[in-house]
2 protein chains.
Amino acid sequence: MPRLSRWLFSGLLLSLVGIARAQPPRGPLVVSPEVHADHTVTFRYLAPTAREVKLSGQFEKSAVSLTKNEQGIWSVTVGPVKPDIYPYSFQVDGVTVMDPANVAFFPNERFKASLVDVPGDTPLIHALKDVPHGTVSYEYYPSVEGTTGSLVVYTPPGYDQNPTKKYPVYYLISGTTDTEETFYKVGRTNLILDNLLAEGKTKPMIIVMPYGNIAARITEQKGGAKPADPVVRDDADAVNRANAFGDDLIQNIIPYIEKNYRTLANRENRAIGGFSRGGGQTLRAAFGHMDTFAWVCAYSSYLSPAEMERSYRTIASNPAQTNKQLKLLWVSVGSDDFLYKGTLEFMDYLKAKNVNFKSRITDGGHTWMNVKKYVAETAPLLFQ
Amino acid sequence: MPRLSRWLFSGLLLSLVGIARAQPPRGPLVVSPEVHADHTVTFRYLAPTAREVKLSGQFEKSAVSLTKNEQGIWSVTVGPVKPDIYPYSFQVDGVTVMDPANVAFFPNERFKASLVDVPGDTPLIHALKDVPHGTVSYEYYPSVEGTTGSLVVYTPPGYDQNPTKKYPVYYLISGTTDTEETFYKVGRTNLILDNLLAEGKTKPMIIVMPYGNIAARITEQKGGAKPADPVVRDDADAVNRANAFGDDLIQNIIPYIEKNYRTLANRENRAIGGFSRGGGQTLRAAFGHMDTFAWVCAYSSYLSPAEMERSYRTIASNPAQTNKQLKLLWVSVGSDDFLYKGTLEFMDYLKAKNVNFKSRITDGGHTWMNVKKYVAETAPLLFQ
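Residues numbered from 1 in each chain as written. Chains lettered and ligands numbered in written order. Predicted model: local features only at pLDDT ≥ 70, side-chain atom pairs only at ≥ 80, totals over all residues. Heavy atoms only, no water.

An unreviewed UniProt entry annotates chain A as Esterase originating from Siphonobacter curvatus.

So this is what it looks like as structure tokens:
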């Protein structure tokens, strides 16, 4: 524990457990981020000896500098910021750090970012509202090579009160270096579903959020270094890894869920979707197992026409059958996304081959702000 | 998103979604922590331009320095370390940061630490083993002043397979600046229970882990700055805050749990326990509501004899009744804990008043290594 935190912690504890003694010396407590009613946001960071503190947030094009007060607290106010949830971090003398005053963070294998939630004047679709809430559960399941896999599972409001009702299932896969928590903690998928359900805009469903990095888990649990190197060497390696995930999904995750949750266990009641790498895993699992999934959503992701022709030729060679089997094929991307061009090529390929799909081009880039939009737009389309 | 992370991230993604293009420039990927078979641990941190990087971990008495290689990766190997789970952080040019290569972190309102798990040669009681696993669920409940509270709830293996079986409940409260996630993510309470159950050493029970800082949640949800100042001004303030939590527990949390989970809803099947501030909240809630709880565990915490006499005089004035009502009163502390002396005074008070209790003095300080021990020792005593 850092020294500053330790004595803050000790001091707080001493008073909190109710001990009569002189107050220990105590630094200023920092409130950060402070979101103001006009959508401006003040960020603060305590660093009396630092020479430079900057803020990088996905609400700003480039880093902004903070200024220090006489207490050693650096601060800056930005905005007004468009209401949404944004990742951000500080650079303290060039070192990237999370905001130590903020408990909301971005679960990720590699980078460390905090999250700031700028609420709308009317609550946004991911806001915590006074509506019935579902439950988010963390589960272990027996996975490949004797490892224990982890899942985050959303069950809708009322799931425990209707002990005979069965539900369709949406399998939802996060991106590279994300974890099984990212769709919950950053994507707020649970609150989006709670709110859509309260408005009568979607069917109640179970959402299963796996961890996409099988290789890292095997390495970790077999006693290797953690996490495993996520660098993918080439296209074939990417396909192999996606297929390893797809195999785990089909052979282990779906059977575990269908045994332990009350599911409608047929292809018409299974959807699959994902962001970024998870979108690639989605398309490969769906096109490789057309008997398993009838609803498919690729958020900010695609497969190349070359891979489609090489590995999933039947999708395009028999569009009538594909269109009959797939109740939904959704492809979306932001116009600033570095995958924009590739995604358009994928759409062009599908169009040229007469494969039906729905598409959505939004503003913005390869961000979780866009993922939330895509989840909110696609959930109402599923299982209808 | 930090710049380094962003291009790492982009590079990884490009290859992971399977795009044929030249590899972007890429820094070395850092593996940290790397736990070796001999219980030594190597920590690494990428910071080519830093002047000094140190490591603070609860396995070391004081910070240790890292050395830099030609790639700009700082590293140090420590130990052998006694097998356990330890919080640690880096100080990079004096700035405390989590380990960006490690996804295991300490959920806390204030300080930021990562977690390193040094496994035993035979698995420890908190290890992930191939045994039946319970489920950890995140729930919202209607709390005070129109706010929405958060709970983490452990249900034992088989809970969903026995739809008529009812369970006793252990309410377990974390410490100052901890969150509702800390007993799960740092305390591994779910795995400790899974393992004890597999060995037939404890009864199956539901464990409910609330967030203890009511004031912060009210401030946050009512549009104030987040988190609220946790500084407690004096003894009376500490008592008021503990009582506010106790009221929420009795009026909102317990009714929510008993409505939504299959519980044995009587005092003989309700236990309460907590660490540090949560231990103080535990003792106040238990002594203030003797009709509600029959099993009470204070981990690294106590009440002063003065407060006992002022607020809970019937506990000591009628020990025969207290001893009949409380199936268990457990008090534990580490000999290096800064609350050691006060805890001994509390024990002496109980002894002098002929109030029965069980006590456990361990090595070590005010740490989550000790909390895990206390949970593992007390769970087998509950509901017997």
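Let us keep going from here.
Novice: Explain the overall build of chain A here, please?
Specialist: Per the secondary structure count, chain A includes eleven helices and 17 strands. Taking contacts inside chain A between residues at least 6 apart in sequence as the whole, the part at least 24 apart equals 71%. (Helix = DSSP H or I, 4+ residues; strand = E, 2+ residues; numbered from the N terminus. Contact = heavy atoms within 4.5 Å.)

Novice: What am I meant to see in the sheet that holds strand 2 (residues 41-46) of chain B here?
Specialist: Working definition: the strands of a sheet are paired by backbone hydrogen bonds and lie parallel or antiparallel to each other. Residues and elements named next belong to chain B. Strand order in the open sheet formed by four strands is 1-2-6-5, and the pairing between neighbours is antiparallel. In the strand order of this sheet, the two ends are held by strand 1 (34-35) and strand 5 (67-68), each with one partner. Here strand 1 pairs with strand 2 via two bridges, running antiparallel. When the sheet's bridge partners are listed, glutamate 34 is paired in strand 2 with threonine 42. (Pairing = 2+ DSSP bridges.)

Novice: Hey, could you run me through the sheet that holds strand 2 (residues 41-46) of chain A in this one?
Specialist: Residues and elements named next belong to chain A. Spatially, four strands are ordered 1-2-6-5 in an open sheet, and the strand pairing comes out antiparallel. The sheet terminates laterally at strand 1 (34-35) and strand 5 (67-68), the two strands that pair on one side only. Where strand 2 lies against strand 6 (residues 73-78), six bridges are found, and the strand directions are antiparallel. Following the sheet pairing, valine 41 is matched in strand 6 by valine 78.

Novice: What should I look at first to understand the side chain of serine 56 of chain B in this one?
Specialist: By secondary structure assignment, the location of serine 56 of chain B is in strand 3 (residues 53-57). A polar atom in the side chain of serine 56 of chain B sits 2.9 Å from the side chain of glutamine 91 of chain B. (Polar contact = N/O pair within 3.5 Å; in protein donor to acceptor, adjacent residues only side chain to side chain.)

Novice: When you look at the packing of helix 5 (residues 235-260) of chain B against helix 6 (residues 277-288) of chain B in this model, what are you seeing that I'm missing?
Specialist: Between two packed helices, the angle of one axis relative to the other and the distance separating the axes together describe the packing. Residue and element names in this part refer to chain B. Interaxial distance between helix 5 and helix 6 falls to 9 Å at its minimum, and their mutual angle equals 65°. As helix 5 runs across helix 6, the sense of the crossing is right-handed. Residue-level contacts link Ala238, Val239, Ala242, Asn243, Phe245 and Leu249 of helix 5 to Gln281, Arg284 and Ala285 of helix 6. Broken down by class, the residue content of the contact of helix 5 with helix 6 amounts to six nonpolar, two polar and one charged. (Axes fitted to C-alpha atoms, helices over the stretch in contact; angles between N-to-C directions. Left-handed = near helix turned anticlockwise from the far one by under 90°. Nonpolar A, V, L, I, M, F, W, Y, C, P; charged D, E, K, R; others polar.)

Novice: Any chance you could explain the environment of asparagine 108 of chain A here in plain terms?
Specialist: By the secondary structure assignment, asparagine 108 of chain A is in the loop between strand 8 (95-97) and strand 9 (114-118). On a C-alpha basis, the gap between asparagine 108 of chain A and glutamate 181 of chain A in space is 8.5 Å, while along the polypeptide they are 73 residues apart. Once you skip the residues sitting within four places of it in the chain, asparagine 108 of chain A turns out to touch Thr176, Thr177, Asp178 and Thr179 of chain A together with Val103 of chain B. A polar side-chain atom of asparagine 108 of chain A sits 3.2 Å from a polar atom in the side chain of aspartate 178 of chain A.

Novice: Would you explain the packing of aromatic side chains in this entry?
Specialist: Both the distance between ring centres and the angle between the ring planes are used here to describe each pair of aromatic rings. Residue and element names in this part refer to chain A. A complete count under the given rule lists 34 aromatic pairs over all chains for this structure. Taking 6.4 Å as the distance between ring centres and 75° as the angle between the ring planes, the aromatic pair formed by tyrosine 138 and tyrosine 184 counts as edge-to-face. On the criterion of sequence distance, the pair formed by tyrosine 138 in strand 10 (residues 135-142) and tyrosine 184 in helix 2 (residues 182-185) is long-range, its members being 46 residues apart. The two residues tyrosine 138 and tyrosine 184 agree in class, both being buried. (Phe/Tyr/Trp six-rings, centres within 6.5 Å; stacked < 30°, edge-to-face > 60°. Buried < 20%, exposed > 50% of the residue type's maximum accessible area, 1.4 Å probe, protein only.)

Novice: Even after reading the chapter, I still don't get unusual backbone geometry, so can you show me in this structure?
Specialist: Cis geometry is adopted by the peptide bond preceding proline 33 of chain A, which originates at serine 32 of chain A and carries an omega value of -10°. Within the element layout of this structure, proline 33 of chain A appears in the loop between helix 1 (3-16) and strand 1. Unlike most non-glycine residues, histidine 39 of chain B shows phi in positive territory, near 75°. As for its placement among the helices and strands, histidine 39 of chain B is situated in the loop between strand 1 and strand 2. For histidine 39 of chain B, a relative accessible area of 13% puts it in the buried group. Even without being glycine, glutamate 145 of chain B reaches a positive phi, approximately 55°. With respect to the helices and strands, the residue glutamate 145 of chain B is situated in the loop between strand 10 (135-142) and strand 11 (148-155). Among the residues examined, glutamate 145 of chain B registers a relative accessible area of 54% and is labelled exposed.

Novice: How do you make sense of the pairing of strand 7 (residues 84-92) of chain A when you look at a structure like this?
Specialist: Consecutive side chains along a regular strand alternate between the two faces of the sheet. Residue and element names in this part refer to chain A. Of all nine residues in strand 7, nine are buried; the element is thus mostly enclosed. Bridge count for strand 3 (residues 53-57) against strand 7 is five bridges, and the pairing is antiparallel. Its bridge partner lying in strand 7, leucine 55 is registered against phenylalanine 90. As paired strands, strand 7 and strand 8 are joined by three bridges and run antiparallel to one another. Residue glutamine 91 lies in a different strand from strand 8, and its bridge partner there is threonine 96.

Novice: Would you mind going over the environment of aspartate 130 of chain B with me for this structure?
Specialist: Positionally, aspartate 130 of chain B belongs in the loop between strand 9 (114-118) and strand 10. Overall, aspartate 130 of chain B belongs to the exposed group, its relative accessible area being 79%.

Novice: Please clarify how helix 5 (residues 235-260) of chain A should be interpreted in this entry.
Specialist: Here helix 5 of chain A spans 36 Å end to end across 26 residues, near enough to the 38 Å set by a 1.5 Å rise per residue. Residue leucine 249 of chain A marks the point of greatest curvature in helix 5 of chain A, where the axis turns by about 40°. (Expected span 1.5 Å × (residues − 1). Bend = angle between axes of the 7 residues up to and from the residue.)

Novice: Where do I start with the nonpolar core in this structure?
Specialist: The nonpolar side chains of a soluble globular protein tend to be buried, and buried together. Tyr299 of chain A together with Tyr299 of chain B are the most contacted members of the largest nonpolar core, which has 73 residues in total. For tyrosine 299 of chain B, the residues in contact, after removing those within four places along its chain, are Tyr170, Leu172, Phe183, Gly274, Phe275, Ser276, Trp330, Ser332, Tyr374, Val375 and Thr378 of chain B. By size, the runner-up hydrophobic cluster in this structure holds 46 residues, among which are Tyr45, Val81 and Met369 of chain A together with Trp74 of chain B. (Core = buried A, V, L, I, M, F, W, Y, C linked by side-chain atoms within 4.5 Å.)

Novice: Can you help me understand the pattern of salt bridges in this one?
Specialist: One side chain can pair with another of opposite charge once the charged atoms of both are near each other. A full pass over the atoms with the stated rule returns 32 salt bridges over all chains. Glutamate 309 of chain A is the salt-bridge partner of lysine 353 of chain A, the closest N and O atoms lying 4.0 Å from each other. Placement of lysine 353 of chain A in the loop between helix 10 (340-352) and strand 17 (358-362) and of glutamate 309 of chain A in helix 7 (residues 305-311) is noted, with a sequence separation of 44 residues between them. Since its relative accessible area comes to 31%, lysine 353 of chain A is described here as partly exposed. On the accessibility criterion, glutamate 309 of chain A (26% relative accessible area) is partly exposed. Because the salt bridges share partners, they merge into one network encompassing Glu181 and Lys185 of chain A together with Glu181 and Lys185 of chain B. (Salt bridge = Lys/Arg side-chain N within 4 Å of Asp/Glu carboxyl O.)

Novice: I keep staring at the pairing of strand 15 (residues 295-299) of chain B and nothing clicks. Help me out?
Specialist: Residue and element names in this part refer to chain B. Counting buried positions along strand 15 gives five out of five residues, so the element sits mostly inside the fold. Alternating positions in strand 15 separate into two faces, Trp295, Cys297 and Tyr299 on one and Val296 and Ala298 on the other, with burial throughout. Judged from the five bridges that link them, strand 14 (residues 270-275) and strand 15 form a sheet pairing that is parallel. The partner of glycine 274 across the bridge, within strand 15, is alanine 298. Remark: the strand 14/helix 6/strand 15 crossover connection has right-handed handedness. Pairing analysis gives five bridges linking strand 15 to strand 16 (residues 328-334), with the strands arranged parallel. Pairing of alanine 298 across the sheet is with valine 331, part of strand 16. (Right-handed = clockwise from strand over helix to strand, strands pointing away.)

Novice: Would you mind going over helix 6 of chain B with me for this structure?
Specialist: An α-helical turn contains 3.6 residues, so any two residues separated by three or four positions project in the same direction. Residue and element names in this part refer to chain B. The end-to-end C-alpha separation of helix 6 is 16 Å, in line with the 16 Å expected for twelve residues at 1.5 Å each. Most of helix 6 is tucked away: eleven of the twelve residues are buried. Buried within helix 6 are the following residues: Arg277, Gly278, Gly279, Gly280, Gln281, Thr282, Leu283, Arg284, Ala285, Ala286 and Phe287.

Novice: When you look at the environment of tryptophan 330 of chain A in this model, what are you seeing that I'm missing?
Specialist: Residue and element names in this part refer to chain A. Locating tryptophan 330 in the fold gives a position in strand 16 (residues 328-334). Note: C-alpha distance between tryptophan 330 and glycine 273 (57 residues apart in sequence) is 9.0 Å. The contact partners of tryptophan 330, leaving out residues within four places of it in the chain, are Val296, Cys297, Ala298, Tyr299, Lys358, Arg360, Glu377, Thr378 and Leu381. Here serine 332 takes part through its side chain, which lies 3.0 Å from a polar atom of the side chain of tryptophan 330.

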